[in-house]
Structure formats: C-alpha cells, structure tokens
Amino acid sequence: MTDTNTSERSLVLIKPDGFRRGLTGEVIRRIEAKGYTLAALAIVTPTREQLAAHYAEHEGKPFYEPLLDFMSSGPVTAAVIEGQECIRGFRSLAGATKPTDAAPGTIRGDLGRKWAGTVDENIVHGSDSPESAEREIGIWFPEL
Ligand code: DAT
Ligand code: MG
C-alpha cells in the first residue's frame, strides 16, 4: 500500500443488521473518533438493482443471493467519509470479514457475531480501493 497525502473518500454502509440493532450511532462515533469526516449521510432502503451493482464482483458465488436478500431486508445507512487513507483506515476499523475472526477493538469484532444463515452478517461495508470507492459512491450518492 502506498501512503498518500491526498484526502480520499470511502463509501461506508451500516448494513441492515447494524441498523436494526441500533448501532448506527456507534459506528458513526467510531468513524468520527478516528478523525474522518462525514461528507454525506443517508438512510436508504436499497433496491435489488443497487445491491446487484454494489456487489457485482460477487455474482455467482454461493453467498451472493443470500447476501442480496440480507442487504435488502431493511434500511441501511450509507455514508461517504473523507480523510487521508480513509479507505484502508476504515477497513482497519471494521476488522475481518467474519465477525468470529475479527479482532476485538474492531467494529465487527466488538459488535458482531456469527448468526444462523449462509451469509456473514457483519454490520458494515467499506470500500476496498479508490476505484471501488468512486464506483460505489456513484451507486449510493449519484448526486455527488
Ligand atoms: P468485505 O465486506 O470484508 O469486503 P467481501 O467483499 O469479500 O467482504 O464480501 C462481501 C460480503 O459478503 C461480506 O461483508 C460478507 C459476505 N461474505 C463474504 N464472504 C462470505 C462467505 N465466504 N460466506 C458467507 N458470506 C460471505
Ligand atoms: Mg468487499
């Protein structure tokens, strides 16, 4: 990973499990406490089309349909966050994909756990590269 002085933007989603459990404020608190700023914030009930675009890279995988079902099961909070290296930094705050493996201190490690079902419910999404971030921001905040 190259370090950069240029401010970047990342797309964060607080997924339906996080929204239902009332963890929206806690996730935003951690983002702000880290020092990143909010550039956009919205509560959205995602459409299937939005989710298919967002998760296009996973189409055909065994967890793809359960993932779309889960992600369309209720409102999500979408945010654009800003700051130097915030893409990598938020992934670090979020922790490993599987909440069982995510380190304590991370969002998924502290607040998530394994539940019954095919898909890993893990509270948050964060973009994984500058290219993904710009693509995903276009899906959730077409006006930006
Ligand atoms: P991440 O969200 O950490 O970037 P990802 O992009 O590989 O992970 O996968 C998207 C989501 O799909 C992930 O947050 C949870 C779910 N998922 C990924 N791999 C899975 C698996 N092997 N079994 C069940 N769900 C999975
Ligand atoms: Mg991903």
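Structure: see above.
None of these values were measured; they are calculated from a predicted model.

Provide a residue-level description of the site of ligand 1, including the pertinent values.
Near ligand 1, the surroundings consist of 13 residues, among which K15, H58, R91, T97 and N122 are the closest. Interatomic distance of 2.6 Å between a side-chain N/O atom of T97 and an oxygen atom of ligand 1. When ligand 1 is considered free in solution it has 520 Å² of accessible area, and contact with the protein chains removes 79% of it. In terms of residue class, the shell around ligand 1 is made up of four nonpolar, four polar and five charged.

Break down helix α5 (residues 86-94) for me, with residues and values.
The set of residues buried in α5 consists of C86, I87, G89, F90, L93 and A94. Along α5, the residues classed as buried sweep out an arc of 165 degrees about the axis, all on the same side. Packing partners of the buried residues in α5 comprise β1 (7-14), α2 (24-34), β3 (76-84), α6 (107-111), β4 (124-126) and α7 (130-140). G95, located one to two residues past α5, shows a positive phi value of around 90 degrees.

Account for the environment of A96, with residues named and values stated.
Positionally, A96 belongs in the loop between α5 and α6. Each C-alpha atom of the pair A96 and G109 lies 7.9 Å from the other, and the pair is 13 residues apart in sequence. A96 has contacts with D101, A102 and R108, leaving out every residue within four places of it along the chain.

So what's going on with the packing of aromatic side chains? Residues and values would help.
Here the structure, examined in full by the defined rule, presents zero aromatic pairs. One residue, R113, lies across the ring of W115, its end atom 3.8 Å from the ring centre.

How would you summarise helix α4 (residues 64-71) if you had to cite specific residues and measurements?
Burial in α4 covers these residues: Y64, L67, L68, F70 and M71. Within α4, the buried residues cover an arc of 160 degrees as seen down the axis, which keeps them to one side.

Now, about the sheet that holds strand β2 (residues 37-44): what can you tell me, with residues and values included?
Each strand in a sheet pairs with another by means of backbone hydrogen bonds, the pair being arranged parallel or else antiparallel. Read from one edge to the other, the open sheet built from four strands follows the order β2-β3-β1-β4, with strand pairing classed as antiparallel. Edge strands, defined here as strands with exactly one partner in the open sheet, are β2 and β4. Taken pair by pair, the neighbouring strands of this sheet meet at an average axis angle of 20 degrees, ignoring direction. In terms of strand pairing, β1 meets β4 through three bridges, oriented antiparallel. Counterpart to V12 in the pairing with β4 is G126.

Outline the pattern of salt bridges, supporting the account with residue identities and numerical values.
Per the counting criterion, the structure on display carries eight salt bridges. Across the pair R9 and E134 runs a salt bridge, and its minimum N-O distance is 2.9 Å. Separated by 125 residues along the polypeptide, R9 in strand β1 and E134 in helix α7 bring together distant segments of the chain. Residue R9 is classed as partly exposed on the basis of its relative accessible area of 25%. One salt bridge in this structure joins E65 and R48, with 2.9 Å as the shortest N-O distance. Here the residue E65 occupies a position in helix α4, and R48 occupies one in helix α3 (residues 48-54), the gap between them amounting to 17 residues. By relative accessible area, which is 33% here, R48 ends up partly exposed. Taken together, the salt bridges that share partners define one network made up of E26, R29, R30 and D110.

Rules and cut-offs
- Residues numbered from 1 in each chain as written.
- Chains lettered and ligands numbered in written order.
- Predicted model: local features only at pLDDT ≥ 70, side-chain atom pairs only at ≥ 80, totals over all residues.
- Heavy atoms only, no water.
- Near = heavy atom within 4 Å.
- Polar contact = N/O pair within 3.5 Å; in protein donor to acceptor, adjacent residues only side chain to side chain.
- Areas by Shrake-Rupley, 256 points an atom, 1.4 Å probe, with all protein chains shown as cover.
- Nonpolar A, V, L, I, M, F, W, Y, C, P; charged D, E, K, R; others polar.
- Buried < 20%, exposed > 50% of the residue type's maximum accessible area, 1.4 Å probe, protein only.
- Helix = DSSP H or I, 4+ residues; strand = E, 2+ residues; numbered from the N terminus.
- Arc of directions from axis to C-beta.
- Contact = heavy atoms within 4.5 Å.
- Phe/Tyr/Trp six-rings, centres within 6.5 Å; stacked < 30°, edge-to-face > 60°.
- Lys NZ or Arg CZ within 6 Å of the ring centre and 35° of its normal.
- Pairing = 2+ DSSP bridges.
- Axes fitted to C-alpha atoms, helices over the stretch in contact; angles between N-to-C directions.
- Salt bridge = Lys/Arg side-chain N within 4 Å of Asp/Glu carboxyl O.

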